[in-house]
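Below, each chain spelled out in residue letters.
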Amino acid sequence: MNSVYLKMLNEAYIERIPLNAQIELLNMCNMNCKHCYIPQHENMGLSTQKVKSLVDELQEIGMLNLVLTGGEIFLREDIFELIEYIRHKHISLTLLTNASLLNEDKIQRLSKYSIHSIGVSLYSLNVDIYNDITQTKEYFNKVLENLMLLKKYRIRVRINMPLMKLNYLYDEVKRFCINNGFSFRPSTIILPQTNGGSENLDLKLKDKEFMETNVKLFGDDRQEITDNSSDLLKKFPEDPCPSLKTSISIDCSGNVYPCNSMNLKVGNVYESSIKEILEGDTLNGIRNIKNQELKDCATCDLKPYCSRCPGLIFAETKSLYGCCQSVRLMAIANKIVKEGSKTKEES
């Protein structure tokens, strides 16, 4: 990792500056994905001026990296106005999209803004599986066409692939990414719906498939990715999660969350400034939790293999202090991989 950025990250961590922010522009979407954590796609979101003012406020506080997400962000008529505004302020920008509403003119225009990357949701290269998950029939070929156009215009692409009962055999998508120079980010995590609904969790892998898939992901298929959090965990071992002190997430209703994985509201930008929310008791009560308070973790034999995610644990248990089945299974998978690697080295 760049030493200058690492130093900046350390300082941001100590000062609790959100270097990384995510803004959900809207929750409207042209797809209706079965696993989605958004229960109803009906909010066109924050106004153009409100988004700009949030960007101004976040940058003044110290934000460097911004993610725009939805819903589907290219449903917004002002999306290019917002992209241009953000990039003119020299903020690193990532866009999350299903890529179905793009075309060559839009992609060519995007290429001029030096966007950090575009994250595209791709569930399968099998049209029937893709259509089943998205509950659409008209977008599969268009998405693949647009991915090739993004490659043509040299825009960095990250393929996000949620793995579930319908599509957990991901090798074909992985080869597609390798062949086209796309980053590949598969994940077995399916989050509950934000309104507390759990219907989408029926698609989550059963424990056996969940663990076996993560063994594969942690093992031979593990991606070489820069993990900023590992450096911070070594320097600040008493803290459960570095992201809680260097990130912030804002949804399309103005609700603020500690990060994009933790559905625990800590304020609203229509009621308080971001600075006030960051300094508030609710958020800092979460940020101040120390590892010594996590009694279950202290005696757990999986601790050396565990990448504990407070957001995922809260999603599954509504507790900030315990553990959850998904975290346990991923720790077991990591243990299997590491012990297997150690055995190979010794033999």
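Fair warning: this is a prediction, and the values are worked out from it, not measured in the lab. (Residues numbered from 1 in each chain as written. Predicted model: local features only at pLDDT ≥ 70, side-chain atom pairs only at ≥ 80, totals over all residues. Heavy atoms only, no water.)

Counting its secondary structure elements, the chain contains 15 helices and nine strands. Expressed as lengths along the three principal axes of its C-alpha atoms, the size of the chain is roughly 55 × 45 × 40 Å. Residues counted as buried form 48% of the 347 residues belonging to the chain. Long-range pairs, those at least 24 residues apart, make up 69% of the contacts in the chain between residues at least 6 apart in sequence. Just so you have it, the chain exposes about 17,200 Å², and 48% of that area is on carbon and sulfur atoms. In the chain, 43 positive and 44 negative side-chain charges are present, and the distance between their average locations comes to 3 Å. (Helix = DSSP H or I, 4+ residues; strand = E, 2+ residues; numbered from the N terminus. Buried < 20%, exposed > 50% of the residue type's maximum accessible area, 1.4 Å probe, protein only. Contact = heavy atoms within 4.5 Å. Areas by Shrake-Rupley, 256 points an atom, 1.4 Å probe, with all protein chains shown as cover. Lys, Arg positive; Asp, Glu negative; His and termini not counted. Charge placed at Lys NZ, Arg CZ, Asp CG, Glu CD.)

With respect to topology, nine strands assemble into an open sheet ordered β6-β5-β4-β3-β2-β1-β7-β8-β9, the strand pairing being mixed. Strands with a single pairing partner mark the edges of an open sheet, and in this sheet they are β6 (183-187) and β9 (267-268). Here five bridges tie strand β1 (residues 20-24) to strand β2 (residues 65-69), and the two strands are oriented parallel to one another. If you follow Ala21 over to β2, its bridge partner there is Leu66. Its contacts with the sheet put helix α7 (residues 171-180) on β5 (157-162) and β6, and the angle it makes with β6 is roughly 160°. (Pairing = 2+ DSSP bridges. Axes fitted to C-alpha atoms, helices over the stretch in contact; angles between N-to-C directions.)

Once that is clear, we can look at the packing of helix α2 (residues 48-61) against helix α3 (residues 79-88). With their axes 11 Å apart at the nearest point, α2 and α3 run at an angle of 20° to one another. Our classification of the angle between α2 and α3 gives roughly parallel. In this structure, α2 meets α3 at a crossing whose hand is right-handed. Where α2 abuts α3, its residues Thr48, Val51, Lys52, Val55 and Asp56 lie against Glu81, Leu82, Tyr85 and Ile86. Classifying every residue of the contact of α2 with α3 gives five nonpolar, one polar and three charged. (Parallel < 35°, antiparallel > 145°, perpendicular 65-115°, else oblique. Left-handed = near helix turned anticlockwise from the far one by under 90°. Nonpolar A, V, L, I, M, F, W, Y, C, P; charged D, E, K, R; others polar.)

Here helix α6 (residues 140-152) contains 13 residues, and its C-alpha end-to-end distance of 19 Å stays within 8% of the 18 Å for a straight helix at 1.5 Å per residue. Those residues of α6 that fall on the buried side of the exposure criterion are Phe140, Val143, Asn146, Leu147, Leu149 and Leu150. Against α4 (104-110), β4 (117-121), α5 (127-134), β5 and α7 lie the buried residues of α6. One or two steps after α6, the chain reaches Arg154, where phi turns positive at roughly 60°. (Expected span 1.5 Å × (residues − 1).)

For Ser249, the location among the structural elements is in strand β7 (residues 247-250). The class for Ser249 is buried, based on a relative accessible area of 6%. Beyond its immediate stretch of four places on either side in the chain, Ser249 contacts Gln22, Asn255, Val256, Tyr257, Cys259 and Asn260.

Bringing the pairing of β6 into the picture now. Of the two faces of β6, only the one carrying Phe184 and Pro186 is buried; Ser183, Arg185 and Ser187 on the other face are not. Bridging between β5 and β6 involves five bridges; their strand directions are parallel. Considered in β6, the bridge of Arg158 is made with Ser183. Handedness of the crossover joining β5 and β6 through α7 is recorded here as right-handed. (Right-handed = clockwise from strand over helix to strand, strands pointing away.)

A separate point is helix α8 (residues 207-218). Counted at 1.5 Å a residue, the expected span for α8 with its twelve residues is 16 Å, and the 16 Å between its end C-alpha atoms agrees. Restricting attention to buried positions, one finds in α8 the residues Phe210, Thr213, Asn214, Leu217 and Phe218. Buried residues of α8, seen end-on, are gathered within an arc of 130° and therefore sit on one face of the element. (Arc of directions from axis to C-beta.)

What follows covers the packing of α6 against α7. Contact pair α6 / α7: the axes reach a minimum separation of 11 Å and the direction vectors enclose 30°. In terms of orientation, α6 lies roughly parallel with respect to α7. Contacts between α6 and α7 involve Leu144, Leu147, Met148 and Lys151 from the first element and Phe176, Asn179 and Asn180 from the second. Of the residues in the contact of α6 with α7, the class split is four nonpolar, two polar and one charged.

Below, the discussion takes up the state of the cysteines. Structurally, a disulfide amounts to a covalent bond that connects the sulfur atoms of two cysteines. Tallied over the full model, the rule gives zero disulfides. Left without a disulfide partner, Cys252 is nearest to the cysteine sulfur of Cys36, which lies 11 Å away. By relative accessible area, Cys252 is classed as buried at 6%. (Disulfide = S-S within 2.5 Å.)

What follows concerns the packing of aromatic side chains. Inspection of the entire model under this criterion finds five aromatic pairs. Ring centres of Tyr123 and Tyr130 lie 6.0 Å apart, and the angle between their planes is 45°; on these two criteria the pair is classed as tilted. By way of ring pairs, the aromatic residues Tyr123, Tyr130 and Phe140 are connected into one cluster. We note Lys50 situated over the ring of Tyr270; from NZ or CZ to the ring centre the distance is 4.8 Å. One residue, Lys216, lies across the ring of Tyr170, its end atom 4.8 Å from the ring centre. (Phe/Tyr/Trp six-rings, centres within 6.5 Å; stacked < 30°, edge-to-face > 60°. Lys NZ or Arg CZ within 6 Å of the ring centre and 35° of its normal.)

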